[in-house]
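Structure assessment
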Amino acid sequence: GGEGGESMGCENIGDTAWDLIVGSDLVYNEAGISSLPEVLAGLLAKAREGGTVYYAHTLHRFEMADEDFLGNLASAGLDAREVREAGSGREV
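Just so it is clear, the model here is predicted, and its values are computed rather than measured.

Description of the overall build of the protein chain
Helices and strands together make up the secondary structure of the protein chain, namely two helices and two strands. Taken from N to C terminus, the helices and strands of the protein chain fall in the order β-α-β-α. Looking at the protein chain as a whole, 16% of its 92 residues qualify as buried. Partitioning the intrachain contacts of the protein chain with sequence separation of at least 6 by distance along the chain shows that 67% fall at a separation of at least 24. Put simply, the protein chain shows about 6,900 Å² of open surface, and 52% of that area lies on carbon and sulfur atoms.

Here you go:
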């Protein structure tokens, strides 16, 4: 809920200063590839001291989608970094 325990509707989501956004596997088609980076950048724009997004994404699930998605994140001014669990067998 929002302040005072009231429910926060979608119409208020852009008015909130988001310092932290967490998401997982939200991209399934071209619309998500192009719009999610813009939405995330817009939501972080009101963050008090530079917000952070933690986004879990299954790489190579759709052909070429990862490259397009990462490119759109960069175009929206977002810095994407791959993070893996220690000992996962691949250095980042």
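Digging into helix 2 (residues 65-75)
Those residues of helix 2 that fall on the buried side of the exposure criterion are Ala65, Asp66, Phe69 and Leu73. Relative to the axis of helix 2, the buried residues are bounded by an arc of 95° and lie together on one face. The exposed residues of helix 2 that point more than 90 degrees off its buried face are Glu67, Ala74 and Ser75. Residues of helix 2 that are buried sit in contact with helix 1 (30-44) and strand 2 (52-56).

Scoring rules and cut-offs
Residues numbered from 1 in each chain as written. Predicted model: local features only at pLDDT ≥ 70, side-chain atom pairs only at ≥ 80, totals over all residues. Heavy atoms only, no water. Helix = DSSP H or I, 4+ residues; strand = E, 2+ residues; numbered from the N terminus. Buried < 20%, exposed > 50% of the residue type's maximum accessible area, 1.4 Å probe, protein only. Contact = heavy atoms within 4.5 Å. Areas by Shrake-Rupley, 256 points an atom, 1.4 Å probe, with all protein chains shown as cover. Arc of directions from axis to C-beta.

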